[in-house]
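# An overview of the molecular structure
So you can see what is in the structure, the chains are spelled out below.
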Amino acid sequence: MSGLIVDVSSGFRALGVEQRLADTPGRANTRGLFFRLAEQAVAARAGDLLETWRAVSGARPRWPFRMYSTRDFIREQATAAVLLSPEDPGAALRSMWATTTKLSPLIRAEGFIQYLVGRDPMQALGWLERNRSMMCDYGDWWMIPKGSKAASFHYVDEYTWIEHCHVGGVEGMLRRCGVSAAVTVALRNAYRGELQIEWE
């Protein structure tokens, strides 16, 4: 266990977790459903790893539609990412968020998104833009279309990792639309930036 703690601490430094937690407002909240991203990723890797993840992160059960501290969300996400990929926790975050459309059988998220957007990537991104409050109660984002097969997605006061989490989320959503996406990141600072998205 002591070696694992050292690995978690090293991974936290790589992700800048302590500074991110300090910069995240105490009033910022994330919906309980999205806390399941980390739990499901850890459980899929190894059931006995769940106990370690809970012990290190302080994770606990949450109601899907209630709001909970974003600081706790960040801590749980980071802990899972480091346990899953100590050498590249950013890649683990990206993979976790790529599964967002399959989060919960309760709301049948994947089928709902496909029904709503008719498998059109621009409509999918537009739906995402209009539904930030489904996920959290802080910050802002907006989309700017760039022709028929490209768009930019802009973030302000986004305390999860834009370059990891949101890249994975966009890739996962567009994959469900049946297209292959190329996503590049431009950060103004850790919490403000944009994604340039193109698809075929």
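Residues numbered from 1 in each chain as written. Predicted model: local features only at pLDDT ≥ 70, side-chain atom pairs only at ≥ 80, totals over all residues. Heavy atoms only, no water.

### Digging into the side chain of Ser152
Considering the arrangement of structural elements, one finds Ser152 in strand β4 (residues 150-156). Look at Ser152 and you get buried, because its relative accessible area is 1%. Within polar-contact distance, the side chain of Ser152 engages the side chain of His154 at 2.8 Å. Beyond its immediate stretch of four places on either side in the chain, Ser152 contacts Trp142, Met143, Ile144, Lys146, Leu195 and Gln196. (Helix = DSSP H or I, 4+ residues; strand = E, 2+ residues; numbered from the N terminus. Buried < 20%, exposed > 50% of the residue type's maximum accessible area, 1.4 Å probe, protein only. Polar contact = N/O pair within 3.5 Å; in protein donor to acceptor, adjacent residues only side chain to side chain. Contact = heavy atoms within 4.5 Å.)

### Details of the side chain of Thr160
Within the fold, Thr160 resides in the loop between β4 and α9 (162-176). Within the local environment of Thr160, its side chain forms a polar contact with the side chain of Glu158, the two groups lying 2.6 Å apart. Residue contacts for Thr160: discarding those within four places in its chain leaves Arg20, Phe73, Trp97, Tyr138, Cys165 and His166.

### Here's the deal with the nonpolar core
Residues Trp53, Met96 and Trp161 are the most contacted members of the largest nonpolar core, which totals 37 residues. Breaking this core down by element, the ones donating at least two residues are α1 (2-15), α2 (17-23), α3 (36-45), α4 (49-57), α5 (70-84) and α6 (89-97). In terms of residue count, α5 provides more of this core than any other element does, 8 residues in total. Each residue touching Trp53, except ones within four places of it in the same chain, is listed here: Ala38, Glu39, Val42, Gly58, Ala59, Glu76, Thr79, Ala80 and Leu83. Ranked by size, the runner-up nonpolar core spans 21 residues in total, among them Met122, Trp141, Ala151 and Ile162. (Core = buried A, V, L, I, M, F, W, Y, C linked by side-chain atoms within 4.5 Å.)

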